[in-house]
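# Remarks on the overall topology
Residue strings, one per chain:
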Amino acid sequence: MINKNPEQLDRTDFKTLFDRYFDPVRSYVYYRCGNEELATDVAQEVFVKVWEKQFDLKDGRIKWLLFRMAKETYINVYRKEKVRDLYLESLRFSYPDTQEADEDLVYVELRDRYESALARLPEKQ
């Protein structure tokens, strides 16, 4: 893709680039992650970066560049999710099991009844 102005990627070139490669990039990311929304987000982020950085793109390198950017962007998202998941896992509180507390209460009550019944028995029994 040869730009009319080599210093900037104009709108028509970008639209052509987007229309041609958006679905293949999104499919590539979807194949890696299995999440359609995430794949769409990553593909959009790739094209936003291309627009913001105003790459001077040549036909032979564009496909490689887009897929490389998609791979790196997905890896970054995956790492952030892993860190977030580990952090959230560390924040989980362990509440005492109510069943265990009930069982302890029943045990104490049963033990007290047993001891009082035992104390009321005559010495020989």
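In the block above lies the structure referred to throughout.
These notes cover the structure that comes with them. (Residues numbered from 1 in each chain as written. Predicted model: local features only at pLDDT ≥ 70, side-chain atom pairs only at ≥ 80, totals over all residues. Heavy atoms only, no water.)

### Overview of the packing of aromatic side chains
Across all of its chains, the model carries eight aromatic pairs by this definition. Consider the rings of phenylalanine 14 and phenylalanine 47, whose centres lie 6.3 Å apart with planes at 75°: the pair is edge-to-face. Of this pair, phenylalanine 14 sits in helix 1 (residues 11-33) while phenylalanine 47 sits in helix 2 (residues 36-53); the two residues are 33 residues apart in sequence, bridging distant segments of the chain. Judged by centre distance (5.9 Å) and plane angle (45°), the rings of phenylalanine 22 and phenylalanine 47 are tilted. Residue phenylalanine 22 is located in helix 1, and its partner phenylalanine 47 is located in helix 2; the two are separated by 25 residues in the primary sequence. The buried category is assigned to phenylalanine 47, whose relative accessible area is 1%. Linked through ring pairs, Phe14, Phe18, Phe22, Phe47 and Trp51 together constitute an aromatic cluster. (Phe/Tyr/Trp six-rings, centres within 6.5 Å; stacked < 30°, edge-to-face > 60°. Helix = DSSP H or I, 4+ residues; strand = E, 2+ residues; numbered from the N terminus. Buried < 20%, exposed > 50% of the residue type's maximum accessible area, 1.4 Å probe, protein only.)

### Considering the pattern of salt bridges
As enumerated under the stated definition, the model contains seven salt bridges in all. Here aspartate 19 and lysine 15 are joined by a salt bridge, their closest N and O atoms 2.9 Å apart. Separated by four residues within a single helix, aspartate 19 and lysine 15 lie in helix 1, roughly one turn from each other. The class for aspartate 19 is partly exposed, based on a relative accessible area of 48%. Of the charged contacts in the structure, one is a salt bridge between glutamate 45 and lysine 49, with a shortest N-O distance of 3.8 Å. Here glutamate 45 pairs with lysine 49, and both are found in helix 2, just four residues apart, close to one helical turn. With relative accessibility at 26%, the residue lysine 49 sits in the partly exposed group. (Salt bridge = Lys/Arg side-chain N within 4 Å of Asp/Glu carboxyl O.)

So far we have only geometry, and geometry alone does not tell us how the molecule works.
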